[in-house]
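# Understanding the architecture of this molecule
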Amino acid sequence: MLIPMIVSSLFVLGVVVLCLTKPNAGRIFLGIFFLVMAIGVNGSFTFTNPQAYVEYASGALIPLYRDIALTIVEPNPVLFGLVLLAFEIAIGLLLLHKQKSVRIGLIGTIAFLIGIAPLSFMQIPWLGLIIGEAYLLTK
């Protein structure tokens, strides 16, 4: 568990530095990153193992969050996966646009990162991306 946490943290640090030093490149990178994660991770779960969403939700760190997550995911994990996939693709595409679209995409990615954080300790490092995204909101 330690190695993935370190790798995730180093990746997040690199993305934050990119956002702070080259905001446009950081925005484009984040847009592509969210698209790749949507298709690669959530697409994979949705189409090959939708039950993984239920397993993930059942491991949430906060009991109330676990109950809410299971109430949403358990009845139809495939539908949940499709909605999540569509949301993540939408925010990724919004980041690749200009002006207000980027702002909406950044707010969406921040909400997404906050939403997944209570699901496991492995999600905590990803909250660091909010630093870069918050900075991009000021640009």
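In case you missed it, the structure is sitting above this.
Residues numbered from 1 in each chain as written. Predicted model: local features only at pLDDT ≥ 70, side-chain atom pairs only at ≥ 80, totals over all residues. Heavy atoms only, no water.

With that settled, consider the environment of Ala134. Within the secondary structure, Ala134 sits in helix 7 (residues 129-137). Through-space distance from the C-alpha of Ala134 to that of Ala38 is 21 Å; in sequence the pair is 96 residues apart. (Helix = DSSP H or I, 4+ residues; strand = E, 2+ residues; numbered from the N terminus.)

What follows covers the packing of aromatic side chains. Counted by the stated rule, this structure contains 10 aromatic pairs. With a centroid separation of 5.3 Å and 35° between ring planes, the pair formed by Phe11 and Phe33 is classed as tilted. Here the residue Phe11 occupies a position in helix 1 (residues 2-21), and Phe33 occupies one in helix 2 (residues 23-48), the gap between them amounting to 22 residues. The class for Phe11 is partly exposed, based on a relative accessible area of 29%. Measuring from centroid to centroid gives 6.0 Å for Phe34 and Phe112, while their planes differ by 80°, and the two rings are edge-to-face. Taken as a pair, Phe34 in helix 2 and Phe112 in helix 6 (residues 100-116) lie far apart in primary sequence, 78 residues in all. Side by side, Phe34 and Phe112 carry an identical accessibility label, which is buried. Cluster of aromatic residues (ring-pair linked, three or more members): Phe11, Phe29, Phe33, Phe34, Phe87, Phe112 and Trp126. (Phe/Tyr/Trp six-rings, centres within 6.5 Å; stacked < 30°, edge-to-face > 60°. Buried < 20%, exposed > 50% of the residue type's maximum accessible area, 1.4 Å probe, protein only.)

Leu30, Phe34, Phe112, Leu113, Trp126 and Leu129 are the most contacted members of the largest nonpolar core, which has 26 residues in total. A total of 5 residues in this core trace back to one element, the largest contributor, which is helix 6. Not counting the four nearest positions on each side in its chain, Leu113 is found in contact with Phe34, Trp126, Leu127, Leu129, Ile130 and Glu133. (Core = buried A, V, L, I, M, F, W, Y, C linked by side-chain atoms within 4.5 Å. Contact = heavy atoms within 4.5 Å.)

Moving on to unusual backbone geometry. At Gln99, a residue that is not glycine, the phi angle is positive and equals roughly 50°. Structurally, the position occupied by Gln99 is in the loop between helix 5 (77-95) and helix 6. On the basis of relative accessible area, Gln99 is assigned to the exposed category, the value being 72%.

To find leftover empty space, one rolls a probe the size of a water molecule over the atoms. Approximately 890 Å³ is the volume found for the largest pocket. Along the wall of the largest pocket there are 31 residues; nearest its centre are Tyr56, Leu84, Phe112, Ile116 and Leu119. Within the residue set of the lining of the largest pocket, elements represented by two or more residues are helix 2, helix 3 (51-58), helix 4 (63-73), helix 5 and helix 6. Per-element accounting of the lining of the largest pocket gives the leading share, 6 residues, to helix 2. Its residues assigned to classes, the lining of the largest pocket shows 26 nonpolar, 4 polar and 1 charged. Pro23, Asn24, Arg27, Gln99, Val102, Arg103, Leu106, Leu136, Leu137 and Lys139 together form the lining of the second largest pocket. When the residues that make up the lining of the second largest pocket are grouped by side-chain class, the tally is 5 nonpolar, 2 polar and 3 charged. (1 Å grid on protein atoms, 1.4 Å probe; cavity = no way out; pocket = protein on both sides within 12 Å on 5 of 7 lines; lining within 4 Å. Points joined across faces, edges and corners; volume = space filled by probe spheres on them. Nonpolar A, V, L, I, M, F, W, Y, C, P; charged D, E, K, R; others polar.)

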